[in-house]
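# Coordinates in review
Each chain is listed here by its residues.
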Amino acid sequence: MRKPLVNALRWLVFIAAVVILNFPVIATLVTSLKSEAEIMTNASLFIEAPTLDNYAAVFAMADRFDILHFLTNSLVASLIGSVLAIALAFPAAYAMARFGAGRSWLLPLAVNLRAVPLIIFAIPIYLMYQQVGLLDTRFGLALILCLVNVPLVLVLFASSIADLPLEIEEAGRVDGAGTLRLLVYVVAPMSLNVVAASSVLAFIYSWNEFLFGLMLTTNSATPVSVGASFFFAASGGGVRWGVAAAVMILATLPPLILGLLMYRQIGRSMTAGAVKG
Amino acid sequence: MPRTSRFEGRLLIAPLTAFLIALLGFPLVLDIIYSISRVGFEDIRAPEPIGFSNYAKAMADPEFWAAAWFSLRFGLIVSVIQVVAGLALAVFLAPLFAKRPWLIALLMLPMMVAPALVGLMYRLILHEFVGAVPYYLLEWYGDFPAFLGRDWAFTTLVTVETLQWTPFALLILHSSYAAISPDVREAAALDGARGRRLFLNIDLPLMMPAIGITFFIRFIDSFRVFDNLYTLVGPGAGGSTTSMSIYIYQAFFKVGDIGLAVAASMLLLVASFVVLWVINGLTARKAPL
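Keep in mind it's a predicted model, so treat the numbers as computed, not measured. (Residues numbered from 1 in each chain as written. Chains lettered and ligands numbered in written order. Predicted model: local features only at pLDDT ≥ 70, side-chain atom pairs only at ≥ 80, totals over all residues.)

### Thoughts on the overall build of chain B
In terms of regular secondary structure, chain B is built from 13 helices and two strands. For chain B, whose C-alpha radius of gyration is 24 Å, the value lies well above the compact-globule estimate of 19 Å for 289 residues. Within the span of chain B, comprising 289 residues, buried residues form 42% of the whole. Partitioning the intrachain contacts of chain B with sequence separation of at least 6 by distance along the chain shows that 70% fall at a separation of at least 24. (Helix = DSSP H or I, 4+ residues; strand = E, 2+ residues; numbered from the N terminus. Rg over C-alpha atoms; globule rule 2.2 N^0.38 Å. Buried ≥ 20, exposed ≤ 12 C-beta atoms within 10 Å, placed from the backbone. Contact = placed C-beta atoms within 7 Å.)

Structure below.
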């Protein structure tokens, strides 16, 4: 008797939670699909006359604020940052798991780094970048994104490599394979799952990074997380809310889609990262 | 351990070590040097040692302590709410997730959005003329507060942060709840435990380590809050929403006081070490997961 009622209540709570937690994105999406005139007269969540005009307007102002430029900056810097983090952390995690190298200091250092507010290093990094010409470059930003991602990636790799069966590697050694060869042909293929899961998470974190994007770039390398706010001032006077909403949706779509497609891997990585750290 | 593999181990961690020295070690040294020097943007290569007066200046600045107090209060409040809300949702919705695991994806989505963009989105959503929240509050209650004014800014920011990161607590606590063996619950049920007693006496103690970890991760993340705060209110609301990160950012970029900004950074670093030390002490005493 009570079971169906409780179940219905569960669904109700679930739907309410989905709507409330995702409200910023839902409301912004709705606004982005209204005409400029409708936005001023109708602030509700219902659209009277849906239109894609705002999206067209965003791309039409490319001469002043180029959304594709910001998106490309984010894409390039996030890709380099994630790949570099994996390239650095993977061999190190292997060395820790199999040779014990650095396990006593490098792993705790990386784990604790996640708890340190990175703004502490932001000012000297800014001054360093100024001296070596890395300010406002995609590569400079990518290096920081790599730094942001290294702790999580290292923790995930270290625990997953330790779980791999040792026998296969030993067989490889008997056949005369060196460490580098083992790493590339044996350990890496067995770790593809973790590599995929952690690179998705690293990419999303990189895409969403804001503080260093704000401090270290001015225009050439500005990521979309920072560039999106430029559109708020795009029309000089008042904010063109439709345009601003469309920009925010465009900037949010890539990680949102990745999140929907790979939620299982992301969830597993987040949980493992939390528990193992 | 044979000598060659020790050598190989060192070789394999060398690139990461070099990277961390360049991007963490070197900046840390600069932090320390600049924090005890008089330095401006013009004479950045020739800092002049002046002892600890930058630290004294930071410690004597009421805004520094206001920022520290804001961060601490903000971090504690949002983490407590997030853990409680996440726990409640995780347990209550567990039967739904058990049958249809993909449902949790919809609740994880808020975490995929850049906090900076969430802050921007709320500028739209809370706007008095075009925002949906004031619109519906006006419709239903006939009134709405000045969300970003002095009286409401803190509550608004707590809500914004909580709504975005409760999903993290939900995710971690759900996986911890789902990992409790059915045997344990069955045994407890045989002993007559059910409903609330089953939860309080069996589930909750088993989930305690996960609850602790979730709380600490959320606390650390919200203590250093910057992105959504910066994009939503900036230095607004009469400075009542300045977190430690915002304080350091402003000391550097707005005021141009490098020494003060760096000294505040070092104090923040010390504070993080204290927090870490406490956490490590607590988790070491607890049973391993």
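### A few points about the interface of chain A and chain B
Contact with chain A, which involves 69 residues of that partner, is made by 77 residues of chain B. Among the elements that line the side of chain A that touches chain B, the one with the most residues is helix 14 (residues 241-261) of chain A, at 10 residues. Taken together, the residues of the side of chain A that touches chain B sort by class into 53 nonpolar, 15 polar and one charged. (Nonpolar A, V, L, I, M, F, W, Y, C, P; charged D, E, K, R; others polar.)

### Observations concerning the packing of helix 3 (residues 62-92) of chain B against helix 12 (residues 244-253) of chain B
Residues and elements named next belong to chain B. Interhelical geometry of helix 3 versus helix 12 gives an angle of 145° and a closest axis separation of 8 Å. Taking contact as the criterion, the partners of Glu63, Phe64, Ala67, Ala68 and Ser71 in helix 3 are, on helix 12, Met244, Ile246 and Tyr247. Residue composition of the contact of helix 3 with helix 12, grouped by class: six nonpolar, one polar and one charged. (Axes fitted to C-alpha atoms, helices over the stretch in contact; angles between N-to-C directions.)

### Some details on the domain arrangement of chain B
Domain assignment breaks chain B into domain 1 (1-26) and domain 2 (36-285). Centre-to-centre separation of domain 1 of chain B and domain 2 of chain B, based on C-alpha positions: 34 Å. (Domains from an automatic or database assignment.)

### Brief notes about the domain arrangement of chain A
Residue and element names in this part refer to chain A. Along its sequence, chain A is carved into domain 1 (2-51) and domain 2 (67-276). Its C-alpha centre places domain 1 at a distance of 32 Å from the equivalent point of domain 2. Contributions of two or more residues to the side of domain 1 that touches domain 2 are made by helix 2 (23-32) and helix 3 (36-41). Tallying contributions element by element places helix 2 first for the side of domain 1 that touches domain 2, with five residues. Among the residues forming the side of domain 1 that touches domain 2, the class breakdown is three nonpolar, three polar and two charged.

### Re the packing of helix 8 (residues 138-163) of chain A against helix 11 (residues 192-208) of chain A
Residue and element names in this part refer to chain A. One way to put it is that helix 8 packs onto helix 11 with a least axis distance of 10 Å and a crossing angle of 160°. Between helix 8 and helix 11, the angle falls in the class roughly antiparallel. The element helix 8 and its partner helix 11 pack so that their crossing is right-handed. Side by side, helix 8 and helix 11 meet where Leu145, Val148, Asn149, Leu152, Val153, Leu156, Phe157 and Ser160 of the first sit next to Val194, Ser198, Leu201, Ala202, Tyr205 and Ser206 of the second. Within the contact of helix 8 with helix 11, the residues separate by chemical class into 10 nonpolar, four polar and no charged. (Parallel < 35°, antiparallel > 145°, perpendicular 65-115°, else oblique. Left-handed = near helix turned anticlockwise from the far one by under 90°.)

### A few points about the nonpolar core
Core analysis: the largest hydrophobic core is formed by 171 residues, its most contacted members being Ala89, Ala92, Ala93 and Val247 of chain A. In terms of residue count, helix 8 of chain A provides more of this core than any other element does, 17 residues in total. Apart from residues lying up to four places away in sequence, Ala92 of chain A is in contact with Gly102, Leu106 and Leu154 of chain A together with Leu12, Ile13 and Leu16 of chain B. (Core = buried A, V, L, I, M, F, W, Y, C linked by C-beta atoms within 7 Å.)

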